[in-house]
Amino acid sequence: MNHYEIPPFTDKGAAVSFGGPPAGGPGKTGAETPQPVNSKMLMPTGPAADFKNAATLADGTHIAVTTLDGKKSGFKGKVWVWAPKEYNDPKFAKSGFPVMIALPGGAGYPSNYWMGTDLGLQSSIGKWYAEGKSKPFILAMPVLNPGPDDKGVYWDASDIPGQPKMGTWLTEDVPDLMKANFRTVKSRDGWAFMGSSTGGFAGLKAVLKHPDKFKAVIASGPDVVPDSSLWKGHDKEKAENNPELLAKQLIDSKGPDVYLAFQVGDSENNKKTLPDVQKFIATYGKGPVHTTLRVIKGGQHNAKTYVPNMGEGPIQEISKVMEGPVE
């Protein structure tokens, strides 16, 4: 019965609360939730989202899903979330936790493959935190694109003119959802991205474009320039979403500091991926743009390669410079 997900033998679909403002109750607008003065932590601002359980992990934590109607982007889509068991530990009851926005490769629609337990992202973060390698990140796992890429069309996680505003969705609406429902870190020191392939490009670009909001990214097997066919006729906007140009601007303006942890397999199907990343690092890895690269021996272009290797360097690199839990 549990296998076929038939209640009451499964809790899939059950309402999940992460201890944020109750739906329809106090904290609905955020006005009733007192924000501690001079605290590094931001209390949940509300309104509370309607989270439903998508999976329960062995440690009792839940991956939950909600449909977010993005107020700033105008895009409506699903977001999966997960909080480590420490989030509900009384010891951290007054602490804000860092958030990592995890983006998939491929279509990234209608689901985000990080929400599945088969890749072990959530359990790995719990393990890495216990080993002192990682911060206890809350994960946000939104859809990456507004539709399938069955015709080879994708949106480069950007606000392409005439298209759904996926850049705004990922960098404003999704963080707003997390702030509404979780105790988070006020400053950019508690906000990061991770992603593989097109999701790696999206996270890399988001951090370089919005260094005031995000401090770090783990980019696995990423593209380093935008290449969607939807950019045709929009060269100015395309340049505004080019990580190479954004990195140059950041260097010229002398900050703020960002931390880019790359990992690439040496057996990627696209043979240009590794040299392109190496060239990016050689050209732009200076001044406020801090870079590291883990080359995965025998590594291929897939999430099963990337997750275990995150624990061998990248998660440690960004955790060194990020904050949380904070009071």
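Residues numbered from 1 in each chain as written. Predicted model: local features only at pLDDT ≥ 70, side-chain atom pairs only at ≥ 80, totals over all residues. Heavy atoms only, no water.

S.K.: Kindly report on the packing of helix 3 (residues 198-209) against helix 5 (residues 243-252), identifying the contributing residues and their values.
M.R.: Relative to each other, helix 3 and helix 5 sit at 25°, their axes nearing to 9 Å. As judged from the angle between their axes, helix 3 and helix 5 are roughly parallel. The way helix 3 lies across helix 5 gives a crossing that is left-handed. Seen from helix 3, the contacting residues are Phe201, Leu204, Lys205, Leu208 and Lys209; seen from helix 5, they are Pro243, Leu246, Ala247 and Leu250. Split into classes, the residues belonging to the contact of helix 3 with helix 5 amount to 7 nonpolar, no polar and 2 charged. (Axes fitted to C-alpha atoms, helices over the stretch in contact; angles between N-to-C directions. Helix = DSSP H or I, 4+ residues; strand = E, 2+ residues; numbered from the N terminus. Parallel < 35°, antiparallel > 145°, perpendicular 65-115°, else oblique. Left-handed = near helix turned anticlockwise from the far one by under 90°. Contact = heavy atoms within 4.5 Å. Nonpolar A, V, L, I, M, F, W, Y, C, P; charged D, E, K, R; others polar.)

S.K.: Break down empty space enclosed by the protein for me, with residues and values.
M.R.: In the structure shown here, the tally under the stated rule is 1 cavity of 30 Å³ or more. The volume enclosed by the largest cavity comes to roughly 70 Å³. Residue lining of the largest cavity: Leu144, Asn145, Tyr154, Trp155, Asp156, Ala157, Thr198, Phe201, Ala202, Asp223 and Asp227, and that is the complete set. Looking at the lining of the largest cavity residue by residue, the class counts come to 6 nonpolar, 2 polar and 3 charged. (1 Å grid on protein atoms, 1.4 Å probe; cavity = no way out; pocket = protein on both sides within 12 Å on 5 of 7 lines; lining within 4 Å. Points joined across faces, edges and corners; volume = space filled by probe spheres on them.)

S.K.: Could you give an account of the layout of surface pockets, naming the residues involved and the relevant values?
M.R.: Within this model, the largest pocket holds a volume of roughly 310 Å³. Around the largest pocket, the lining comprises 18 residues; the ones closest to its centre are Pro47, Leu68, Asp69, Lys71 and Leu177. Within the residue set of the lining of the largest pocket, elements represented by two or more residues are strand 3 (62-69) and helix 2 (166-181). Broken down by element, the residue count for the lining of the largest pocket peaks at 5 residues, all from helix 2. Classifying every residue of the lining of the largest pocket by side-chain character gives 6 nonpolar, 6 polar and 6 charged. A volume near 260 Å³ is recorded for the second largest pocket. Lining the second largest pocket are 14 residues, with Pro222, Asp223, Asp227, Asn270 and Thr273 sitting closest to its centre.

Note that every value here comes from positions in space, so none of it alone points to a role or purpose.
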